[in-house]
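So the chains spell out like this:
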Amino acid sequence: PKPIITIENVNKYFGQLKALNNVSLSVRPGEKVVIIGPSGSGKSTLLRTINRLEEIDSGRIIVDGFDIMDKQNDINRIRMEVGMVFQNFNLFPHKTVLQNLTLAPTKLKKIPLAEAEENGRRLLRKVGIEEKANVYPAQLSGGQQQRVAIARALAMNPKIMLFDEPTSALDPEMIGEVLDVMVHLAREGMTMVVVTHEMGFAREVADLVVFMDQGEILEVGTPEHFFQEC
Ligand code: ADP
Ligand code: ADP
């Protein structure tokens, strides 16, 4: 199958700092790619270029046949196809859990509220927190908030899910409940690009592991390749 994400010779500077150095990577539909590497190596920057949260200085990024740097194109279309989950959940604090899930579908996709709510409840069931539909994010544990954030991203029915260190802000006892949801999503066939330090997740789920250092992809291989020798 043709790649759903093609990243070609991408360079990205923050002032003098070269955050991405000639990065190329393809992701096929249904593939799970885990990006690893030391802090500051450009993992998050690379992930964020895929939905243009970061603009690139040169190179090309094609997502689902759509050149995301082409200013003629509507970036909102790509943001609808590419769900993102952040380290710090980024839920809307003044909206209930269910409202967090219905806001984008009703506003951006014009889905009727009743339908968005029904779908939202289905997704909350899927991530195991249906009973929290009417509370506010601050009333939830970190693990629960992150599961809401995953459900919120899924509410847009994305083709691709990006995860930026989704468990790094969580207490250890909550990491498992979030990884379980991610493993489940992976088994359902979602295309996923995940920045994480959870090597168990990488070993279990990744089709491809990408190792970055100092803005460069130094190695791409299977989990077997990466975790055998170390
Ligand atoms: P990683 O995710 O691997 O920890 P990042 O992609 O967050 O790395 O960062 C790569 C490099 O770019 C780091 O040196 C970081 O300090 C720098 N950087 C990231 N975001 C910014 C920014 N908004 N402004 C300036 N420098 C940044
Ligand atoms: P960190 O991991 O350092 O806490 P995040 O990755 O959570 O940072 O968020 C970085 C920035 O991106 C924040 O300022 C946030 O408001 C912004 N952001 C988050 N989601 C979106 C989005 N869908 N569109 C545009 N900007 C966003």
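Please refer to the structure higher up on the page.
If you're wondering where the values come from, they're calculated on a predicted model, not measured in any experiment.

Visitor: Just checking my understanding: could you explain the packing of helix H5 (residues 142–154) against helix H6 (residues 172–187) for this structure?
Guide: One way to put it is that H5 packs onto H6 with a least axis distance of 8 Å and a crossing angle of 20 degrees. For the element pair H5 / H6, the angle class is roughly parallel. Crossing geometry of H5 relative to H6 is assigned as right-handed. The segment H5 lies against H6, with Gly142, Gly143, Gln144, Gln146, Arg147, Ile150 and Leu154 engaging Met174, Glu177, Val178, Val181, Met182 and Leu185. A class-by-class count of the residues in the contact of H5 with H6 yields seven nonpolar, four polar and two charged.

Visitor: Got a minute to help me understand the sheet that holds strand S9 (residues 208–213) in this structure?
Guide: Sheet architecture is open: six strands sit in the order S6-S7-S8-S3-S9-S10, paired in mixed fashion. At either end of the open sheet lies a strand with only one pairing partner, and these are strand S6 (82–85) and strand S10 (216–221). Here the average twist between neighbouring strands, direction ignored, is 15 degrees. Pairing between S6 and strand S7 (residues 160–164): four bridges, direction parallel. Across the sheet, the residue bridging to Gly83 is Met161, located in S7. Its contacts with the sheet put H5 on S6 and S7, and the angle it makes with S6 is roughly 170 degrees. Packing of H6 onto the sheet brings it into contact with strand S3 (32–36), S7 and strand S8 (191–195), and relative to S8 it is tilted by some 145 degrees.

Visitor: Help me understand the site of ligand 2, please; the structure alone is not making it clear to me.
Guide: Around ligand 2 lies a shell formed by Arg48, Leu53, Phe86, Asn88 and Asn90. Arg48 places a polar side-chain atom, nitrogen or oxygen, 2.9 Å from an oxygen atom of ligand 2. Contact between ligand 2 and Asn90: an oxygen atom at 3.2 Å from a side-chain N or O atom of the residue. Relative to its unbound accessible area of 570 Å², ligand 2 is 45% covered by the protein chains. Residue classes in the shell around ligand 2 are distributed as two nonpolar, two polar and one charged.

Visitor: What's the story with the sheet that holds strand S2 (residues 17–27) in this structure? I'm lost.
Guide: Two pairing modes exist for strands in a sheet, parallel and antiparallel, and in both the strands are linked by backbone hydrogen bonds. A sheet is described by the order of its strands in space; here four strands give the open sequence S2-S1-S4-S5, paired in antiparallel fashion. Whereas interior strands pair on both sides, the edge strands pair on one side only; in this sheet they are S2 and strand S5 (66–67). The pairing of strand S1 (residues 5–14) with strand S4 (residues 58–63) spans five bridges and is classified as antiparallel. If you follow Asn11 over to S4, its bridge partner there is Ser58.

Visitor: Looking at this structure, I do not really get the packing of aromatic side chains. What am I missing?
Guide: Here a ring pair, both rings aromatic, is described through the centre-centre distance and the interplanar angle of the planes. Tallying each qualifying case throughout the model produces one aromatic pair. An angle of 50 degrees between the planes, with centres 6.4 Å apart, marks the rings of Phe226 and Phe227 as tilted. Here the two residues Phe226 and Phe227 agree in accessibility, since each one is buried. Over the face of the ring belonging to Phe227 we find Arg203, whose NZ or CZ atom lies 5.2 Å from the ring centre.

Procedures and definitions
- Sequence order as written defines the numbering, with residues in each chain counted from 1.
- Here the convention is simple: chains get letters from A, ligands get numbers from 1, in the order in which they are written.
- Where local features are concerned, this predicted model is filtered to residues with pLDDT of at least 70; where side-chain atom pairs are given and counted, the filter is 80 or more; whole-chain, interface and lining totals use all residues.
- Note that water and hydrogens are dropped before the side-chain values are worked out from all heavy atoms of the structure.
- Axes, fitted as lines to C-alpha atoms, cover a helix only where it is in contact. Angles between the N-to-C directions of the axes lie from 0 to 180 degrees.
- A helix here means a DSSP run of H or I that spans at least four residues, while a strand means a run of E at least two residues long, and both kinds are numbered starting from the N terminus.
- Roughly parallel means an angle under 35 degrees; roughly antiparallel means over 145; roughly perpendicular covers 65 to 115; every other angle is labelled oblique.
- Each crossing gets its handedness from the near helix: less than a right angle anticlockwise from the far helix is left-handed, clockwise is right-handed.
- We call two residues in contact whenever any of their non-hydrogen atoms come within 4.5 Å of each other.
- Charged residues are taken to be Asp, Glu, Lys and Arg, nonpolar residues to be Ala, Val, Leu, Ile, Met, Phe, Trp, Tyr, Cys and Pro, and polar residues to be all remaining types, Gly included.
- The pairing criterion for strands is at least two bridges between them, as found by DSSP.
- When at least one non-hydrogen atom of a residue lies within 4 Å of a molecule or strand, that residue is treated as near it.
- Residues adjacent in sequence count toward polar contacts only when both atoms are side-chain atoms; beyond that, a polar contact is any pair of N or O atoms within 3.5 Å, and within protein one must be able to donate a hydrogen and the other to accept it.
- Only the protein chains shown count as covering a residue, and every accessible area follows the Shrake-Rupley method with a 1.4 Å probe.
- When two rings of Phe, Tyr or Trp (its six-membered ring) have centres within 6.5 Å they constitute a pair, described as stacked for plane angles under 30 degrees, edge-to-face for angles over 60, and tilted for the intermediate range.
- Relative accessibility thresholds used throughout: buried, under 20% of the residue-type maximum; exposed, over 50%; partly exposed, between the two (1.4 Å probe, protein chains only).
- For a Lys NZ or an Arg CZ to count as sitting over a ring, it must be within 6 Å of the ring centre and within 35 degrees of the ring normal.

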